[in-house]
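Residues per chain are reported as follows:
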Amino acid sequence: MADHHVIDVGGVRLAYQVSGPPDAPPLVMLHALGEDATDWDIVAPVFARSRRVYALDLRGHGRSDWPGTYSLQLMRDDVLGFLDALALDRVDLVGHSMGGIVAYVLAEDCPQRVDRLVLEDVPIPRPREQTTPARPDGKLTFDWDMVLAVRRQIDTPDAGWLERLSRITAKTLVVAGGPRSHVSQEGIAELARRVPHGRVVTIPAGHLIHKSEPMEFTKAVLEFLQSQDEPCPAPEA
């Protein structure tokens, strides 16, 4: 069972779930747009057998604050503040879709904080056709203003994100969802090539790999995390 906590990071309250042995290596999990920490519930118990698992609600999602100001960079800063607040120096980091963008931007800008990086069906940061999503009916578990702000950034990403993929020092596993995914699989393959220690594995389950094929997903990720390859040395801060 996961324990539920809330922590203040720079004036923003972040909710998170934690499970697994306290002395196990830390694994931080970042959800997709419109989801929250509970999206990992189907796979987190498997990881928690050998890892201390921290699953966050990113700002504007779930039980975390909905402060009204949103960007992927602010989410990156929230995660860094979370690591600092919990004295987590270096971690393994897993991100799905939007959470994967937050994860690789963090790994680009602060490579010394990430040992191993897992990106689940994450789009490469290239401009794409802009669309305005329709707000779902009823009460939402996320801030709709956050969706609009983040979608604009995903549609028109910072050009530096693509260039700085080469700065990532973490050994990186890119998990692609195959032809059933709406995310460009060619772009995912390029993303893996641009990361110096990146490799790609395809699980043809569509975009929601960890939900559609949880056993295959956890097997691939655990084999990667537990491989005997030494993590890349931490660069100078």
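Anything mentioned here points back to the structure above.
Residues numbered from 1 in each chain as written. Predicted model: local features only at pLDDT ≥ 70, side-chain atom pairs only at ≥ 80, totals over all residues. Heavy atoms only, no water.

A.B. asks: Quick question: what am I supposed to make of the packing of helix 2 (residues 72-85) against helix 4 (residues 144-155) here?
C.D. replies: Two measures define how a pair of helices packs: the angle their axes make with one another and the distance between the axes. The contact between helix 2 and helix 4 brings their axes to 9 Å, and the two run at 105°. When the axis of helix 2 is compared with that of helix 4, the two are roughly perpendicular. Of the residues in helix 4, those touching helix 2 at L72, Q73 and M75 are M146, V150, Q153 and I154. Class assignment of the residues belonging to the contact of helix 2 with helix 4 gives a composition of five nonpolar, two polar and no charged. (Axes fitted to C-alpha atoms, helices over the stretch in contact; angles between N-to-C directions. Helix = DSSP H or I, 4+ residues; strand = E, 2+ residues; numbered from the N terminus. Parallel < 35°, antiparallel > 145°, perpendicular 65-115°, else oblique. Contact = heavy atoms within 4.5 Å. Nonpolar A, V, L, I, M, F, W, Y, C, P; charged D, E, K, R; others polar.)

A.B. asks: It is not clear to me how the packing of aromatic side chains should be interpreted in this structure. Could you clarify?
C.D. replies: Between two aromatic rings, the relevant description is the distance of the centres plus the angle of the planes. For the structure shown, the criterion picks out four aromatic pairs. Relative to F82, the ring of Y16 has its centre 4.9 Å away and its plane inclined at 75°; by these criteria the two rings are edge-to-face. Remark: F82 occurs in helix 2 and Y16 occurs in strand 2 (residues 12-19); sequence separation between them is 66 residues. Each of the two residues, Y16 as well as F82, counts as buried. With centroids separated by 6.1 Å and ring planes inclined at 75°, the aromatic side chains of Y54 and F82 adopt a geometry described as edge-to-face. Of this pair, Y54 sits in strand 4 (residues 52-56) while F82 is found in helix 2, placing the two residues 28 residues apart along the sequence. Of the residues examined, Y54 reaches a relative accessible area of 10% and is grouped as buried. For F82, a relative accessible area of 0% puts it in the buried group. Three or more aromatic residues joined by ring pairs make a cluster, and in this case those are Y16, Y54 and F82. One Lys or Arg, R116, reaches over the ring of F224 and ends 5.6 Å from the middle of that ring. (Phe/Tyr/Trp six-rings, centres within 6.5 Å; stacked < 30°, edge-to-face > 60°. Buried < 20%, exposed > 50% of the residue type's maximum accessible area, 1.4 Å probe, protein only. Lys NZ or Arg CZ within 6 Å of the ring centre and 35° of its normal.)

A.B. asks: Just to check I follow, could you spell out helix 2 for this structure?
C.D. replies: Compared with an ideal rise of 1.5 Å per residue, which puts 14 residues at 20 Å, helix 2 spans 20 Å between its outermost C-alpha atoms and is within 8% of the ideal. Regarding helix 2, the residues found buried are L72, M75, R76, D78, V79, L80, G81, F82 and L83. Positive backbone phi, at 55°, marks A87, one or two positions downstream of helix 2. (Expected span 1.5 Å × (residues − 1).)

A.B. asks: Help me understand the environment of Q17, please; the structure alone is not making it clear to me.
C.D. replies: Here Q17 shows up in strand 2. As a C-alpha pair, Q17 and A44 span 27 residues in sequence and 9.8 Å in three-dimensional space. The residues contacting Q17, other than those within four sequence positions of it, are A2, D3, H4, A37, T38, D41, V53, Y54 and A55. Polar side-chain contacts of Q17 include one of 3.2 Å to the side chain of D41. (Polar contact = N/O pair within 3.5 Å; in protein donor to acceptor, adjacent residues only side chain to side chain.)

A.B. asks: Can you walk me through the nonpolar core in this structure?
C.D. replies: Buried together is how nonpolar side chains tend to be arranged in soluble globular proteins. Formed by 55 residues in total, the largest nonpolar core has its most connected members in L30, L72, F82, Y104, L117 and L191. Considering every element that reaches this core, the biggest residue donor is helix 3 (residues 98-109), with eight residues. Core analysis: the second largest hydrophobic core is formed by 23 residues, A44, F47, V94 and F224 among them. (Core = buried A, V, L, I, M, F, W, Y, C linked by side-chain atoms within 4.5 Å.)

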